[in-house]
Structure formats: C-alpha cells, structure tokens
Amino acid sequence: MMKQRLSIFLGIVLVIALLCRWVISTITLPSFTEIKQQSAASYIQILARDGTPLERIRANFDQRRLEWTALEQFSSAIQEMVLRSEDKRFYQHSGVDWLALGNALVGQVQGEATRGASTISMQLVGMLVPELQRQQGSRRYAQKIQQMFYAMALEGQWSKQQILEAYLNLVPLRGELVGIPAGAQGFFQKYPEALNMRESALLAAMLRAPNADVDKLVQRSCALIKPDSCEYLDRFVSNAVKQRHSQWVDSPTDAPHLARRLISQYRTQYLHIPENLPSTIEAPLQRFVQERMHSRLVELFAERVSDAAVVVLDNNSGEVLAYVGSSGQLSTAIDVDHANALRQAGSTLKPFVYAYALDKKRLTAASLLNDDVLSLPVDTGLYIPQNYDRGFKGWVSVRTALASSLNIPAVQALTMLNIEAMRDVLVSLGLPLNETGEFYGYSLALGSADVTLLSLTNAYRALANGGQYRPVSWLLIQNTDLSVDNQSSASAVKQVLSPESSWIIGDILSDRQARALTFGLDSALSTPFWTAVKTGTSKDMRDNWTVGWSSHYTVGVWVGNSAGESMRHISGVSGAAPIWHDIMQYLHRELPSMQKDKPNEVLAQRIDYEPKVEPSRTEYFLDKTAMKTIRLVGSDVVDSASFISEPTQGTIIALDPDIPKERQLVKFEAKQLNHQVANDVYWVLNGETLGGQNPLFWPVRVGRYTLSLYHKNGRKLDEIRFQVRGIR
C-alpha cells in the first residue's frame, strides 16, 4: 500500500514536472540582444567624428539611465555585493531558488518578518514582461507563480552572464536613477568598473527598497560588508544620498550647445532620434578651442569680459569642426548659446558692402574715398558716422579703407548702392536680417544689423568659396538610417557674389600693409601663412568679433558679455583676434595655407596716384574697370594737396586766467589729403608771415584772425578764421 502511494506521488510529481517543462518551453521571451537594443539610455549621445563620446543631452525625463554597460565593465565588488544582497545562489539555481523559497514559506507560516525569495532572474522577468509587473506595490500569488515559470524559461534562453548584465543595467535605484551605471555616476561620480566595496554595498542595499531612509541603508550596507568596515558608514551613506545626482549624470562635457542645436535640427525632420548621433566635430580641436577661450578670458577679466563663442568650419564641405557656445563656468549665462545668439555685427559686414560695390562696378580696389567729416540726411535728421578712433585719414583707397576698417568710406560706398539690394545680398548669404533695408539705413555698412556668429562665419566662408553660399553640415553620415538633409542640396547653393570680387576682397583682407594704418604691421591678425581676416566692434564695445579664413578653414570668434554689458579698452585686435590667431595656428600646425589662384577675369595692373595720397603698387581689377592712374580732380588739388587741420574754421579760443599768458599757445597744423603732416608750406596770420614750421605754436593774443596756408611756390592752399577772447 505504501509503495503504491509512493508510486502515485512520484507519478504526480513527474506529471507536474513534465507539465512545468512543457509550460516553460511554450514561453517565448525577447532575446538578450533585443533587450539590449531596446533599452535606450535617457540621453542622446553626440559623437565626435572619430566616434568618441562628445556630449549627451537628456531626452527621457521619466528616468535617468545611461548607456548599456557590458558585464566585464562592472567591478567585481559591485557584482559580489549585488549577488550577496539579492541572490546568493545565483550560479547554482535555474531561475528559482527553491531553498530560499522554502525558507520564506516556513518563515511566513511562523509569522517571522522575512523577505521574499525572488531571484535575480525572477526580478529581471518582472521588469521585462508587462503582465508580471507589480500592481499596487505587490504581486498576486498567481503572478508570483507565473514569474517563476518565466524565470526558468529565461534561464533556458539566456546565459547567467547575460542575465546578470541585464539586471545590473535595468534595475531601478533611488529616485529617477535606473541601472548601476547611473547610480555609480550619480552618487559617486564614477564608472561602474571603479566601484569599491563600500560604494557597491550602498548601491546593493538600495535594491531592496530604493527610497529607504539613511538609517535603513546604513543597516543594510553594514550587513553586506565586514562589521569592522562599517566605521563612519553613516556619514558616507548620508553624503552619498544627499548628492544632487542630476548635476553629475546630466553634467555637460565638451559641446552642450552643439548637442542642443544638432538635436533640434534633427527633430525637425525625423520623429525618432537615434541614441548616438555622429557629428562632424573634431574632438581635439573642440577641446583646444575651449581651453584657449578660457585662458584668453582670464587674461581679459579686468576689462569686464566674461564670455566668448567660436565656430570653425571646413571651407569645402561646410562641416562644423568646432562649436563652442559659451565660456562655461566663466559665463553669467552658461546655457545661452552665444554662437547662435543675435548680436550687433559691427564692422564685419564691410567686406560684403565692398564686394557688392565691386560687382556693381561702382568702385574698384584702387578707388579713392574721402575719410573726412560726413553727414547724411535721414528721416530722423542727420546721420554722422564716426571712425573708431574719432579721427580722419583723408583720401584713402578702397583697399586701405577696408583693410584698416575705416567707417566713413564704408558708408560712402553704401551710398553708391541700393540699400534694399544690399540687404538682400546679406540675406542670401544666410544672415538673419528680418527688417527692410530702409530700416537699417546707411548704418548697415557699419554693422547695425544683428547677426549670429554661426551665420556670419558661414557668410565669410562664402567669400572663401568664391562668393558661393552653402549651408553648414552638422552630421557625419555613416549609414542611410542616420541620413539627414544637411541643407546642402543643390537648391540651397547660391552664387551671391562673383568669384572675382570675392577673390579681391580676400586679397585686401590678407594685406598686412593695407591694414597697418589702423592695426600696425604686427598684430594678432597676422599669421605666418595666408589668411584673410576682419575684425568688428559694436556700439559701446558690447560685441567684439574676429572672422577670417585660410585656404582650408573659416574661423569666427565673438567676445563679450552674456547680459550685453560694455567691455573696457577692447578692440577687435585685442579681444577676439588672439583667440582667432591661436586657433588658426593650431589648424595649420602641419598644414600649409596659400592664397587661391587669381581668377582669369581679374586683371593685375600697376597704378599710380596723383597726388601721391598712396604709394604706387600693383592692384587688381574686375573686367573693364582697370586704371593706371588715379587722380584727384579739382581746382584746389596740387601736388602738395594740403589743408589746415588745426584750428578749425570758426574756432573761439578763451584765455585761461590760471595760466600765465606767455605760456598759452595755439597750435597751427597743416596736413595733406592722406592726413600726413604737410611739407613745403608756410603760414600767414592777418597778412603777417609766420614761417614754415609745421606744426607751429603761436603765442596767443586777443583778437580776430585770418590764418592762411601757402605752398612754397606762393599758391594759397587753405584759409580759416578764428577768434581769441580775453579774460573778463
């Protein structure tokens, strides 16, 4: 009878076992590879062009999960602590720890406070299978039984290593953190392979009840490690738990502004953004730009400068090789992307004005413009432009005016053009001018319009490419799944300025002799290889620009303050130019840069000036505009072409009672049309010849005077009247 009952029992057990085996065989779970591919990080990772991680931006705000980490990249300490806490016999069971389950059932019958017997495999299927997930904080008994079947099925389809790896990547931790990698970085600022025993014990202690209080976590952590290692554990746990883990998990690295810009552009065309976006950024260059920017801003701290931005473009492809939107911790608005913020352009628009004037054949590079007092009637009154130094240079060529960044000649050039058409040219170059040409008026020549550093740099790239505008490229396309229209389609390519005028403008901006009038022969604008460069400073020194190109790259630099405060004693050559210069040096440390060949339609011609306001030289002309001699025409123009620069017409001078009368002198000075000191002249005051000194200092006397300037040949060159008033 006993044997019969035993046989029946064994038969029932066998049937149950076979039934269980059949049930398990019918369960289909996603493969390890599928789960790994589906478990996207909460971040979109921007990759440099060499594939190295450059930046990551949070995309999922329900949780913080990092990129999938392989099992071998978890330290032995964290693996040991997790197994000790959650599943001591992980490598011995087949999904269900029957011994632990039996102990839990006995304890529950006896009313003991024991924890559940869920293995790591059971916990993992609870995360993977929706119908096994907890309802109202706990699982029903039917769910628990189903969970055991799924766990055994998982063990038959996955390896132990795959199960542990998936668990470590997917297990929820405290707050928003999911996965040991996020916990390691959030609480300890470490990679999981660097976790030590104490850190691992705390993370493992969180697995049972992630949001437990500090005392409970200390108790559980201490139970996992040796008792003699629990000293100061309470402080350690408290400090770790109180960390603002978001600042470490979400912390920017090398290109936060680029990442936002790239993702925003990608989203306009695609619903799904891949976890990894390969960008065109060169990581070493990006880091060099950041370091050079930081060191330069530290040097300028006393001049009230706290921010900067840099864009580096490849001339041929339009790829963005470096993109730094702010100075980081030095900035008062770290999240503002200054490379894409609207700022007043200053003198950086002058090259386009002159290029358009060359194309319209209103001017040549040799044409003379008078850098002198200028007032133009506008709707609001008179527009009176001023030079940066408040002085005047007299008659100068277009080459000198542009290279030395003189304001008044640029305005004169714009008066020869249709302002609306000039505005349209700038828009065609990608500059964000949203108002009409009439709105900007003549000040458009001096950069009154707001532009972004990115658009301005790409507009200069158009000059580097013979006047052809092409949008920039952000993504390094590696397969069709990531294919994105980089706005480089044929319809986006525009020939805005002619190759001939663009080449001449580049030749002017590379001419250190022509820029010497303002910047000197040796400045940060000069490089040992060929470059063309222009500076700009906006009103009240709020924005400082340097943009230029070599034969391979175009580099744009902006320096200023996030809130728009004025800088002190900063010009284009002292603010942004040193950064531009060092970036160009870095780019060409092993790469030569030479000027492109002159277009066939550009004619080289030897020219002379009469009078010699500028020295003879070889100049470049568009077709049918070449000249050999440039003359100033007028009855008062002679070889000396001089005028009285001090005092000016109608000056009233008052004697100072606190200075001895014999020490009060009036300066008489004469200059030529190029504002050089005049020679071969003499002075006549109220008919009395004073002599030929220039300048001459005359002992002041009360009265009304007529001061005449004569050439040594007796011809009167200029005459003014002034008055000296006595002490009342």
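What this report covers is the structure whose coordinates are included nearby. Note that this is a predicted model, so its numbers are computed, not measured.

**Regarding the nonpolar core**
Logical step 1: In terms of nonpolar packing, the biggest core is built from 88 residues, with Phe352, Tyr354 and Met422 touching the most fellow members.
Logical step 2: No other element matches helix α20 (residues 453-464), which puts eight residues into this core.
Logical step 3: Excluding its chain neighbours within four sequence positions, the residues that come into contact with Phe352 are Met422, Leu426, Leu429, Leu456, Ala459, Tyr460, Leu463 and Leu497.
Logical step 4: Membership of the second largest hydrophobic core comes to 62 residues, among which are Ile35, Met81, Ala205 and Val237.

**A closer look at the sheet that holds strand β20 (residues 617-621)**
Logical step 1: One open sheet holds the three strands; their spatial order is β20-β19-β21, and the pairing between them is mixed. Across the chains shown, the open sheet's two edge strands, defined by having one partner strand only, are β20 and β21 (629-631). Along the sheet, successive strands turn relative to each other by an average axial angle of 45 degrees, direction set aside.

**A look at the sheet that holds strand β25 (residues 681-685)**
Logical step 1: Reading across the sheet, the five strands line up as β23-β29-β28-β25-β26 and stay open at both edges, with mixed pairing between neighbours. Each having just a single partner strand, β23 (651-654) and β26 (688-691) make up the two edges of the open sheet. Between one strand axis and the next, the sheet turns by 30 degrees as a mean value, whatever way the strands run.
Logical step 2: Both β23 and strand β29 (residues 716-725) contribute to a ladder of four bridges, which runs parallel.

**Side note on unusual backbone geometry**
Logical step 1: Looking along the chain, the bond that leaves Glu646 and enters Pro647 is cis, with omega of -10 degrees.
Logical step 2: You can see Pro647 is positioned in the loop between β22 (642-646) and β23.
Logical step 3: The residue Lys624 is not glycine, and still its phi comes out positive at about 65 degrees.
Logical step 4: Looking at Lys624, the relative accessible area reads 78%, which means it is exposed.

**Quick word on the packing of aromatic side chains**
Logical step 1: Enumeration according to the criterion identifies 18 aromatic pairs in this entry.
Logical step 2: On the numbers, 5.3 Å between centres and 65 degrees between planes, the contact of Tyr323 with Trp474 is edge-to-face. Here the residue Tyr323 occupies a position in strand β7 (residues 320-324), and Trp474 occupies one in the loop between β14 (468-469) and β15 (494-495), the gap between them amounting to 151 residues. Grouping residues by exposure puts Tyr323 and Trp474 together as buried.
Logical step 3: With a centroid separation of 5.0 Å and an interplanar angle of 80 degrees, the aromatic rings of Trp503 and Tyr620 are classed as edge-to-face. Highlighted residues: Trp503 in helix α21 (residues 499-509) and Tyr620 in strand β20, separated in sequence by 117 residues. As far as burial versus exposure is concerned, Trp503 and Tyr620 are alike and both buried.
Logical step 4: Site record: aromatic cluster; members linked through ring pairs are Phe668, Trp683, Trp698, Tyr705 and Phe722.
Logical step 5: The positively charged end of Arg198 is found above the aromatic ring belonging to Phe236, 5.8 Å away from the centroid.

Definitions and limits used
Residues numbered from 1 in each chain as written. Predicted model: local features only at pLDDT ≥ 70, side-chain atom pairs only at ≥ 80, totals over all residues. Heavy atoms only, no water. Core = buried A, V, L, I, M, F, W, Y, C linked by side-chain atoms within 4.5 Å. Buried < 20%, exposed > 50% of the residue type's maximum accessible area, 1.4 Å probe, protein only. Helix = DSSP H or I, 4+ residues; strand = E, 2+ residues; numbered from the N terminus. Contact = heavy atoms within 4.5 Å. Pairing = 2+ DSSP bridges. Axes fitted to C-alpha atoms, helices over the stretch in contact; angles between N-to-C directions. Phe/Tyr/Trp six-rings, centres within 6.5 Å; stacked < 30°, edge-to-face > 60°. Lys NZ or Arg CZ within 6 Å of the ring centre and 35° of its normal.

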